[in-house]
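# Chain and residue survey
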Amino acid sequence: MKILVVEDEIKTGEYLRQGLREAGFNADLVRNGVDGLHLAKSGDYDLVILDVMLPGMDGWQVLSKLRRHGREMPVLFLTAKDQVQDRVNGLELGADDYLIKPFSFAELLARVRTILRRGRNGTEVTVLQVSDLELDLLRRRVNRSGKRIDLTAKEFGLLELLMRRQGEILPRSLIASQVWGMNFDSDSNVIEVAMRRLRAKIDDAYDTKLIQTVRGMGYVLEAPQEPV
Ligand code: CA
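Basis of the calculations
Residues numbered from 1 in each chain as written. Predicted model: local features only at pLDDT ≥ 70, side-chain atom pairs only at ≥ 80, totals over all residues. Heavy atoms only, no water. UniProt positions renumbered as here; feature names shortened; annotations may be inferred. Helix = DSSP H or I, 4+ residues; strand = E, 2+ residues; numbered from the N terminus. Buried < 20%, exposed > 50% of the residue type's maximum accessible area, 1.4 Å probe, protein only. Contact = heavy atoms within 4.5 Å. Donors = N, O, S within 2.8 Å, 3.2 Å for Na, K, Ca; no water. Core = buried A, V, L, I, M, F, W, Y, C linked by side-chain atoms within 4.5 Å. Pairing = 2+ DSSP bridges. Right-handed = clockwise from strand over helix to strand, strands pointing away.

Right, let's get into the UniProt feature "modified residue: 4-aspartylphosphate" (unreviewed entry) in the protein. Under the UniProt annotation, "modified residue: 4-aspartylphosphate" (unreviewed entry) lies at Asp51. Secondary-structure assignment places aspartate 51 in strand β3 (residues 47–51). You can call aspartate 51 buried: its relative accessible area is 3%. With sequence-adjacent residues up to four places away left out, aspartate 51 is seen in contact with Val6, Glu7, Asp8, Glu9, Gly59, Leu78 and Lys101.

Turning our attention to the coordination of the calcium ion. Note on the calcium ion: its protein donors are Asp8 (OD), Asp51 (OD) and Met53 (O). The metal-donor distances range over 2.1 to 2.3 Å. Along the chain, the residues donating to the calcium ion are arranged with the sequence spacing D-x42-D-x1-M.

Further remarks concern the nonpolar core. By size, the foremost hydrophobic cluster in this structure holds 27 residues, and its most contacted members are Leu158, Leu159, Leu162, Ile175, Met195 and Leu221. Of all the secondary-structure elements, those providing two or more residues to this core are β6 (127–130), β7 (133–136), α6 (153–164), α7 (172–180), α8 (190–202) and β11 (218–221). When residues of this core are assigned to their parent elements, the largest contribution, 6 residues, is made by α6. Those residues within four positions of leucine 221 in sequence are excluded, and the remaining contacts are Val130, Leu133, Leu159, Leu162, Met163, Gln166, Gly167, Leu210 and Ile211.

Moving on, we get to the pairing of strand β1 (residues 2–6). In terms of burial, β1 is largely enclosed, as 5 of its 5 residues are buried. Burial of the side chains of β1 extends over both faces: Lys2, Leu4 and Val6 are buried on one face and Ile3 and Val5 on the other. In this structure, β1 lies alongside strand β2 (residues 26–30), joined through 5 bridges in parallel fashion. Counted as the bridge partner of lysine 2 is asparagine 26 from β2. A crossover links β1 with its parallel partner β2, the connecting element being helix α1 (residues 10–22), and its sense is right-handed.

This is the structure in structure tokens:
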């Protein structure tokens, strides 16, 4: 999941980016509203965390321009305690939530996960399921046929992407940008190595393989077709 943080306070911004990355998200950070708007319009972000008081263009302006451009990704506002009017404004403009500074990282992370679980149509999805494989977004747990499988944060992010887009062939470039937040050289084998580790945990012990390599195209996770 890709998150954009727009925050001009250097320490807060770095802290958020680092924490989100350690939690398995792919997080980018920019320090002013103009750059924030530009990236939010061009990047494929699942969530934008937007400070209200920003140099140049403030958080409200960024949000209203984003919505005017038809970008509907959720937005979480960061606002100071004495800016009650900010929150009203933000929610009227279509912010999904707000957090009052100072806040704990645990609180931010909980909000982020809640917003992302709501999914695009507003209904809350907490467990992704494909065949006998289950990924619990709330408890950050994966099991197959009822057996718990331990994954690293990156493996969890990779599996979450594959499961959210089950049945779609995901090119390596998309996986690289969504899970690692970078573009790999075409000869890099980072994705192959991570995918091999994930498959060893998810598929090796089972007759039915859920993750498939599509030669020259990418990877797909899907439940196999029932034989006719
Ligand atoms: Ca600020």
